[in-house]
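# Structural overview for review
Listed here are the chains, written in short residue letters.
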Amino acid sequence: MNLNLSQFLAQNGGAVFATLGAALATLLAGIGSAKGVGLVGEVATGLMSEEPEKFGKSLVLQLLPGTQGLYGFVIGLMVLGKITKDLTVANGLGILMACLPIAIAGYGSAIAQGRVAASGISLLAKNEEQNTKGIIYAVMVETYALLAFVVSIMLLGKF
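Quick caveat: nothing in here was measured; it's all calculated off a predicted structure.

Attention shifts here to the pattern of salt bridges. Following the criterion strictly, the structure yields two salt bridges and no others. Here E51 and K54 are joined by a salt bridge, their closest N and O atoms 2.8 Å apart. Among the residues examined, E51 registers a relative accessible area of 22% and is labelled partly exposed.

Below, the discussion takes up helix α5 (residues 131-156). The first and last C-alpha atoms of α5 sit 38 Å apart over 26 residues, in line with the 38 Å expected at 1.5 Å per residue. Residue V141 marks the point of greatest curvature in α5, where the axis turns by about 25°. Residues of α5 that are buried include every one of N131, G134, A138, V141, E142, A145, A148, F149, S152 and L156, and no others.

Another aspect to go through is the packing of aromatic side chains. If you walk through the whole model with that rule in mind, you get one aromatic pair. Ring geometry for Y71 versus F149: centroids 4.7 Å apart, planes at 20°, classification stacked. Here Y71, found in helix α3 (residues 67-80), pairs with F149, found in helix α5; they are 78 residues apart in sequence, far enough to count as distant. The burial state of Y71 is the same as that of F149; both residues are buried.

What follows concerns α3. Compared with the 20 Å implied by 1.5 Å per residue over 14 residues, the 20 Å span of α3 between its first and last C-alpha is a close match. Within the sequence span of α3, burial applies to Q68, G69, Y71, G72, I75, G76 and V79. Summarising the axial view, the buried residues of α3 lie within an arc of 160°, below the 170-degree limit, and thus occupy one face. Along α3, exposed side chains directed more than 90 degrees from the buried face belong to L70 and L80. Buried residues in α3 make contact with α1 (5-50), α4 (89-126) and α5.

With that settled, the discussion passes to the environment of V40. Note on placement: V40 falls in helix α1. In this structure V40 comes out as buried when scored by relative accessible area, which is 0%. As a C-alpha pair, V40 and A117 span 77 residues in sequence and 6.3 Å in three-dimensional space.

Another point: the packing of α1 against α4. Where α1 contacts α4, the axes come no closer than 8 Å and their chain directions differ by 0°. Classed by the angle they form, the pair α1 and α4 counts as roughly parallel. Of the residues that constitute the contact of α1 with α4, the class distribution is 31 nonpolar, 10 polar and two charged.

Following both chains from N to C, one finds α1 and α3 inclined at 170°, their axes separated by 7 Å at the closest point. When the interaxial angle is binned, α1 and α3 end up roughly antiparallel. Here α1 contributes A18, A22, A25, T26, A29, G30 and S33 to the contact with α3, which in turn contributes T67, Q68, G69, G72, F73, I75, G76 and V79. For the contact of α1 with α3, a count of residues per class yields seven nonpolar, eight polar and no charged.

Our focus in this paragraph is the environment of A125. Tracing the sequence through the fold places A125 in helix α4. Accessibility expressed as a relative area gives 32% for A125, which makes it partly exposed. Remark: the alpha-carbon pair of A125 and E51, spanning 74 residues in sequence, is separated by 8.0 Å. A125 has contacts with L47, E51 and K54, leaving out every residue within four places of it along the chain.

Analysis parameters
- Residues numbered from 1 in each chain as written.
- Predicted model: local features only at pLDDT ≥ 70, side-chain atom pairs only at ≥ 80, totals over all residues.
- Heavy atoms only, no water.
- Salt bridge = Lys/Arg side-chain N within 4 Å of Asp/Glu carboxyl O.
- Buried < 20%, exposed > 50% of the residue type's maximum accessible area, 1.4 Å probe, protein only.
- Helix = DSSP H or I, 4+ residues; strand = E, 2+ residues; numbered from the N terminus.
- Expected span 1.5 Å × (residues − 1).
- Bend = angle between axes of the 7 residues up to and from the residue.
- Phe/Tyr/Trp six-rings, centres within 6.5 Å; stacked < 30°, edge-to-face > 60°.
- Arc of directions from axis to C-beta.
- Contact = heavy atoms within 4.5 Å.
- Axes fitted to C-alpha atoms, helices over the stretch in contact; angles between N-to-C directions.
- Parallel < 35°, antiparallel > 145°, perpendicular 65-115°, else oblique.
- Nonpolar A, V, L, I, M, F, W, Y, C, P; charged D, E, K, R; others polar.

Below is the structure:
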């Protein structure tokens, strides 16, 4: 059976758009987290060469930008549970739109959180007693990823 693109989308468009949403949520939030975690890891590695006893405290800061990737992954899994053969194009587009908050905010906030956490590593290197303040600064960036995650969940509940 030969189908042109419009026929294919008419028959499978809902699943295609929903799958695209799951992919974007997972990929963009994951890429942002990888960049953020990588940035902090670079800075923390320099600290480890001088003060390896600060590994545990630096690890907390390095892990923080990774949460956005987890949020995107959860949204991706939630979408996979909604994809059926008879999913309408309208619902598939709605699911795609529901994935965009965590995809976009997750990407940007993970990178921003990585920068803040990297500065927290510098604070840890200079004044270990102030480490908690560096963590608090980094966690503040997390707020926007959490808001986007909640909005994505709420929007997915509509489809």
